[in-house]
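Structure at a glance
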Amino acid sequence: MENQKLIQNTVAFVKQQLKDAEGGHDWFHIERVYKNTLAIAKEEQCNLLACQLGALLHDIADSKFHDGDEEIGPKTARNFLISEKVSEEIIDHVIEIIKNISFKGGNFEKQFNSIELQIVQDADRLDAIGAIGISRTFNYGGFKNRTMYNPEIRPNLNMTKEEYKSSDAPTINHFYEKLLLLKDKMNTVSGKKMAIKRHEFMEMFLEQFYAEWEGKR
């Protein structure tokens, strides 16, 4: 019962914090990641509370909307969890999940690992692929006023973390620089299974996209 109240309070806090968020990183993104987390956690031996809080708070203050500040998210989450009198052990675990969940160009080495991080990371990655992933990608591209596609600008698969964060490449490039790579980066058995259909959908979308771009369909 105590944990249930904590989750309710966390949901209310996150909804308030993200009420004006960009459409791909709003409360509904958090809710989807939370649902994915619960589905994957059912198949794993894990600390469910750490998974729940990690999922709900993982994007509480995304650095890309705060001038690249990677500390504001963990700090905001920690202050909230302290106010809720959550144990220091759980707080530290949730903060590590928040710090290590992001893709960051694929060349980022996690400084921490746990089954709970793996579960929440898979849940977050699932929301970055498939139909939702495509929608979020173009929504963010529009938010940043990026070109949708430019055949002359090739994807960069060897970006550093800094290059990835500052990239203004066409939105289609993001499929190759991140989205299509995620299926093979899933951690859990359940996550890997769930990623397959979403990955295949993205491949079909790209095939159709290029055909329409060339006027072939």
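Look up: the structure comes first, before these words.
Read on for a plain summary of the structure.

Conventions we followed
- Residues numbered from 1 in each chain as written.
- Predicted model: local features only at pLDDT ≥ 70, side-chain atom pairs only at ≥ 80, totals over all residues.
- Heavy atoms only, no water.
- Helix = DSSP H or I, 4+ residues; strand = E, 2+ residues; numbered from the N terminus.
- Buried < 20%, exposed > 50% of the residue type's maximum accessible area, 1.4 Å probe, protein only.
- Contact = heavy atoms within 4.5 Å.
- Areas by Shrake-Rupley, 256 points an atom, 1.4 Å probe, with all protein chains shown as cover.
- Lys, Arg positive; Asp, Glu negative; His and termini not counted.
- Charge placed at Lys NZ, Arg CZ, Asp CG, Glu CD.
- Polar contact = N/O pair within 3.5 Å; in protein donor to acceptor, adjacent residues only side chain to side chain.
- Expected span 1.5 Å × (residues − 1).
- Salt bridge = Lys/Arg side-chain N within 4 Å of Asp/Glu carboxyl O.
- Bend = angle between axes of the 7 residues up to and from the residue.
- Phe/Tyr/Trp six-rings, centres within 6.5 Å; stacked < 30°, edge-to-face > 60°.

With respect to the overall build of the chain
Looking only at helices and strands, the chain has 10 helices and 0 strands in total. The N-to-C order of helical and strand elements in the chain reads α-α-α-α-α-α-α-α-α-α. By principal-axis analysis of the C-alpha atoms, the chain measures approximately 60 × 35 × 30 Å. Counting the 217 residues in the chain, one finds 47% classified as buried. At a minimum sequence separation of 6, the contacts of the chain that also span at least 24 residues come to 66%. For the chain, the exposed surface amounts to about 11700 Å²; the carbon and sulfur share of it is 48%. Here the chain holds 29 positive side-chain charges and 34 negative ones, and the gap between their average locations is 3 Å.

Quick notes on the environment of Glu-212
Locating Glu-212 in the fold gives a position in helix 10 (residues 189-213). Taking C-alpha positions, Glu-212 is 41 Å from Lys-42, a pair spaced 170 residues apart along the chain. A distance of 2.8 Å separates the side chain of Glu-212 from the side chain of Gln-208, its partner in a polar contact.

Here's the deal with helix 5 (residues 88-100)
Its 13 residues place the ends of helix 5 18 Å apart at the C-alpha level, agreeing with the 18 Å of an ideal helix rising 1.5 Å per residue. Next to the buried residues of helix 5 lie helix 3 (48-57), helix 4 (72-83) and helix 6 (115-126).

Brief notes about the side chain of His-199
Tracing the backbone through its elements, the reader meets His-199 in helix 10. Once residues within four sequence positions are removed from consideration, His-199 is found in contact with Leu-180 and Lys-183.

Description of unusual backbone geometry
With phi around 60°, Lys-85 is a residue other than glycine that occupies positive phi space. Structurally, the position occupied by Lys-85 is in the loop between helix 4 and helix 5. In this model, Asn-145 sits at a positive phi of 60°, which is unusual for a non-glycine residue. We classify Asn-145 as exposed; its relative accessible area is 70%.

Description of the pattern of salt bridges
If you walk through the whole model with that rule in mind, you get 6 salt bridges. A salt bridge links Arg-136 to Asp-127, with the shortest nitrogen-to-oxygen separation between them at 3.6 Å. Note on accessibility: Arg-136 and Asp-127 belong to one class, buried. Where salt bridges share partners, they join Arg-32, Asp-127 and Arg-136 into one cluster.

Overview of helix 10
Spanning 25 residues, helix 10 covers 36 Å between terminal C-alpha atoms, matching the ideal 36 Å at 1.5 Å per step. At Ile-196, helix 10 is deflected by roughly 30°, the largest bend along its length. Along its buried surface, helix 10 packs onto helix 2 (27-41), helix 6, helix 7 (130-143) and helix 9 (171-177). A positive backbone phi angle near 75° is found at Gly-215, which sits one or two residues after helix 10.

Digging into the packing of aromatic side chains
For the structure on display, the rule yields 11 aromatic pairs. Aromatic pair Phe-138 and Phe-175: ring centres 6.1 Å apart, planes at 50°, arrangement tilted. One end of the pair, Phe-138, is in helix 7; the other, Phe-175, is in helix 9, with 37 residues separating them in the sequence. Between Phe-138 and Phe-205 the ring centres are 6.0 Å apart and the planes differ by 70°, which places this aromatic pair in the edge-to-face class. Placement of the pair is Phe-138 in helix 7 and Phe-205 in helix 10, with a sequence separation of 67 residues. For Phe-138, a relative accessible area of 22% puts it in the partly exposed group. Among the aromatic residues, ring-to-ring pairing joins Phe-138, Tyr-149, Phe-175, Phe-205, Phe-209, Tyr-210 and Trp-213 into one connected group.

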